Amino acid sequence: MNLFNNKQKYYPFALVVAFSALAWMFRFIQDDAFISFRYAKNFAEGYGLVYNPGEKVEGYTNFLWTMFLTIPHFFHLDIINFSQAAGVLLFAFSLFLTFRITKTLTGSYYFASLALIFTGSNFTFLSYATGGLETQLFTFLLMMAFDIALHINNKNNRQLFAISLIFALLMLTRPDAVLFIAIILLYLFYKMHSFQCDFKNYTILIFPFILISASYLAWKLSYYGDILPNTFYAKLSTGTSKGYGTYYVFTFFKSYMIILFPLLVFVLMKKKLLSVEIIALLIIVMVNVLYIVFVGGDFMEFRFFVPVIPAFFILTVLTLKAMKQKLLILILSLIIMAGTISHAFAFKSEPGHQLFSIKELNGQIYDPNFSWMKIGKCFNKYFNNSNITIATTAAGVIPYFSNLRTVDMHGLNDRQIARTGIKSGNRPGHQKLAAFNYLMEKDVNILIGHPFVMWNTFNSEKITAVQFRNYFMYDLNNLPADASIIKMPIDNGYCLFFIYLQRNRFIDDVIRKKGWEATTVATLFKHIAYSSPAKQF
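Bear in mind the structure is a predicted one, so any value in this text is a computation, not a measurement.

What follows is about the overall build of the protein chain. Along its length, the protein chain carries 25 helices and eight strands. Scaling as 2.2 N^0.38, a compact globule of 537 residues should have a C-alpha radius of gyration of about 24 Å, and the protein chain matches this with 25 Å. Taken along the three principal axes of its C-alpha coordinates, the protein chain extends 75 × 50 × 40 Å. Here the contacts in the protein chain between residues at least 6 apart in sequence split such that 74% fall between residues at least 24 apart. Entry remark: accessible area of the protein chain is about 23000 Å², with carbon and sulfur atoms responsible for 63%. Separation of charge centres in the protein chain, based on 46 positive and 28 negative side chains, amounts to 10 Å.

What follows is the structure, given as structure tokens:
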């Protein structure tokens, strides 16, 4: 089935441009991205690859992306626009590779374009063209590695060297890339065996990858004192919920109305079309799904699926081609498109589950009801260049813009909390919490907790016990006697409530000069009635 003439062969390029423009229209940013931004900023300012100057903790898992983000800091560019533009560019490259791989496997411009359309229009894949994280860089490198492996010719040492470098870049982007690298390596070994490659060829394929990866791990051990990132101890060492990981996978397929589509692979099996290339793609998708279940999913809307969405739709298109029934192909294609439209407009977080939609993730930064970016900028405005320490669960945008020393209360960027923190909650990646005494030991002046933003007419005497626990993470009787709650205006009629935990002359002066409302612990005790025994941390 070839519906393309010579002029129509430019359509894939037009589709990529159109989807890239759409990705830019739907661009967003999320709080976790600002953790990498903060590491990059500190590196560019000469403090090293650290979250807080003087504290060497590896609170990121995307080294290559973080180093890339030093560029806008060196050249004083807008970090948000820079990361989003880079993400859209990588998204476009990933779409071209999706088309190229599908064209090679099907021999059809029509089906290759169909795979491009399915992938480019998928709301999850489209949205994570931005977001500020390494997601599209990882996807592009994974697609590039498979594309080179697919097109490798005989004993082409240049191609072998190139794919070895890409393997290394994948490892530098995310450590869990080793799962996909192993699959592609096995596929390459199969092909190289058929080419009767010699020891030199295998050395060219393996040695650069091992050398770069080993050097990187040696540097990590020397710089951070550990090969594993701090996030490993904060996340996986707490134990993960396989049930939630299964829910995460099921919800993805259900939301896109493709819950039965994985069964289409049996069509390829029945028609004996499972080539080694198709098997490799299939294993990549299956391993990713199993990995998601194993780590307990994620709290961000289906981000973990992004790297394998192109592979999934390539397999889907290969199955459609094998059916050879135009009406059935049309029906299944319409179901896919209906699913992505339905998901884009209807998906939202379900009560009781810690899965945040892309709209909600973006809203945490910009929505007046959250105002996390404005909070960070306000702290920078009032307290910058002062010896003040804040503590918050929102460890990205507020610390980045405040430029203040920060205790990440969930421990992603704190060695002690990651290893000995209190088990708290079931939100993926946020299951540890700092003991209250640890905040006192770290000389925390301002306890933000989970930012408590309200309208200006609201005052601290209206705070309930439940609100206090949910936002500040501790019970009121944990606080020292001289602590107080401060009402800091943000703008647009909203304010932030934070706990003034340990006294600081600079903070005292700002509160007095600005006339901020301050409520003592003793006063709060009179207004907050405890409905359950206090939790002691």
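The structure having been displayed, the exposition proceeds.
Scanning the entire structure with this criterion turns up 57 aromatic pairs. With 6.2 Å between their ring centres and 80 degrees between their planes, phenylalanine 383 and tryptophan 516 make a pair best called edge-to-face. Pair noted here: phenylalanine 383 is in helix α19 (residues 372–383) and tryptophan 516 is in the loop between α24 (505–514) and β8 (517–520), with a separation of 133 residues, a long-range link. With respect to burial, phenylalanine 383 and tryptophan 516 carry one shared label: buried.

The strand order across the open sheet built from six strands is β2-β1-β5-β7-β6-β8, with neighbouring strands paired in mixed fashion. This sheet does not close on itself; its edge strands, each paired only once, are β2 (405–408) and β8. Sheet twist, expressed as the average angle between the axes of neighbouring strands with direction ignored, equals 30 degrees. Sheet topology places strand β1 (residues 389–392) next to β2; four bridges connect them, and they run parallel. Bridging across to β2, threonine 392 finds its partner in aspartate 408. Here α19 sits on the sheet and contacts β5 (446–455), β6 (484–489) and β7 (494–500); the angle it forms with β5, its principal contact strand, is near 120 degrees.

With 17 residues, helix α10 (residues 178–194) should cover 24 Å at 1.5 Å per step; its first-to-last C-alpha distance of 24 Å lies within 8% of that length. Buried within α10 we find Phe180, Ile181, Ile183, Ile184, Leu185, Tyr187, Leu188, Lys191 and Met192. Buried-residue contacts for α10 involve α8 (135–151), α9 (157–173), α11 (199–224) and α15 (276–295). Glutamine 196 occupies a position one or two residues after α10 and carries a positive phi of about 60 degrees.

Our next topic: the pairing of β7. With six of seven residues buried, β7 lies mostly within the body of the structure. By the bridge criterion, six bridges tie β5 to β7 in an arrangement that is antiparallel. The residue of β7 that forms the bridge with methionine 454 is cysteine 495. As paired elements, β6 and β7 share six bridges and run antiparallel to each other. Note that in β7 the partner of serine 484 across the bridge is tyrosine 500. As consecutive antiparallel partners, β6 and β7 are separated by four residues, and within that stretch asparagine 492 has a phi angle of approximately 55 degrees, a positive value.

Once that is clear, we can look at a nonpolar patch on the surface. Taken together, Phe43, Phe68, Ile71, Phe74, Phe75 and Leu77 make up a surface patch of nonpolar side chains, about 550 Å² in accessible area. Here leucine 77 lies in the loop between α4 (70–74) and α5 (79–106). Overall, leucine 77 belongs to the partly exposed group, its relative accessible area being 44%.

A few words now on the pattern of salt bridges. The tally for this structure, following the rule as stated, stands at 12 salt bridges. One network of salt bridges, in which partners are shared, links Glu134, Arg174, Asp176, Asp298 and Arg303.

Turning to the environment of leucine 186, a few remarks are in order. You can see leucine 186 is positioned in helix α10. Through-space distance from the C-alpha of leucine 186 to that of lysine 423 is 40 Å; in sequence the pair is 237 residues apart.

The subject of this paragraph is the confidence of the model for the protein chain. Should pLDDT be low for a region, the predicted coordinates there are not to be read in detail. Per-chain confidence: the protein chain averages 89 in pLDDT, with 93% of residues scoring 70 or above. Looking across the protein chain, the model is least confident in helix α14 (residues 265–270), with a mean pLDDT of 72, and most confident in helix α3 (residues 63–68), with 98. The model gives residues 530–537 a pLDDT under 50, and that stretch makes 19 contacts with residues more than four places away or in other chains.

To continue, consider helix α17 (residues 326–346). Taking 1.5 Å per residue as the helical rise, α17 with its 21 residues ought to reach 30 Å, and the 30 Å between its terminal C-alpha atoms agrees with that figure. Of all the residues in α17, the buried ones are Ile329, Leu332, Ser333, Ile336, Gly339, Thr340 and His343. Along α17, the residues classed as buried sweep out an arc of 115 degrees about the axis, all on the same side. With respect to the buried face of α17, the exposed residues turned more than 90 degrees away are Lys326, Leu327, Leu334, Phe345 and Ala346. Those residues of α17 that are buried lie in contact with α6 (109–121), α7 (123–127), α13 (242–255) and α16 (309–323).

Turning next to the side chain of histidine 151. Relative to the elements of secondary structure, histidine 151 occurs in helix α8. Within the structure, the side chain of histidine 151 is placed 2.6 Å from the side chain of threonine 104, a separation counted as a polar contact. Those residues in contact with histidine 151 that sit more than four places away from it in its chain are Arg100, Thr104, Gln159 and Lys191.

Bringing the nonpolar core into the picture now. Core analysis: the biggest nonpolar cluster contains 140 residues, and Phe34, Phe167, Leu170, Ile184, Phe305, Phe379 and Phe383 have the highest contact counts within it. Residues in contact with leucine 170, not counting those within four places in the same chain, are Phe138, Leu141, Leu142, Ala145, Ala177 and Ile181. Membership of the second largest hydrophobic core comes to 29 residues, among which are Tyr438, Leu479, Ile499 and Leu524.

Thresholds applied
- Residues numbered from 1 in each chain as written.
- Predicted model: local features only at pLDDT ≥ 70, side-chain atom pairs only at ≥ 80, totals over all residues.
- Heavy atoms only, no water.
- Helix = DSSP H or I, 4+ residues; strand = E, 2+ residues; numbered from the N terminus.
- Rg over C-alpha atoms; globule rule 2.2 N^0.38 Å.
- Contact = heavy atoms within 4.5 Å.
- Areas by Shrake-Rupley, 256 points an atom, 1.4 Å probe, with all protein chains shown as cover.
- Lys, Arg positive; Asp, Glu negative; His and termini not counted.
- Charge placed at Lys NZ, Arg CZ, Asp CG, Glu CD.
- Phe/Tyr/Trp six-rings, centres within 6.5 Å; stacked < 30°, edge-to-face > 60°.
- Buried < 20%, exposed > 50% of the residue type's maximum accessible area, 1.4 Å probe, protein only.
- Pairing = 2+ DSSP bridges.
- Axes fitted to C-alpha atoms, helices over the stretch in contact; angles between N-to-C directions.
- Expected span 1.5 Å × (residues − 1).
- Patch = residues over 30% accessible without salt bridge, like charges linked within 9 Å, V, L, I, M, F, W, Y side chains within 5 Å.
- Salt bridge = Lys/Arg side-chain N within 4 Å of Asp/Glu carboxyl O.
- pLDDT = per-residue confidence, 0-100.
- Arc of directions from axis to C-beta.
- Polar contact = N/O pair within 3.5 Å; in protein donor to acceptor, adjacent residues only side chain to side chain.
- Core = buried A, V, L, I, M, F, W, Y, C linked by side-chain atoms within 4.5 Å.

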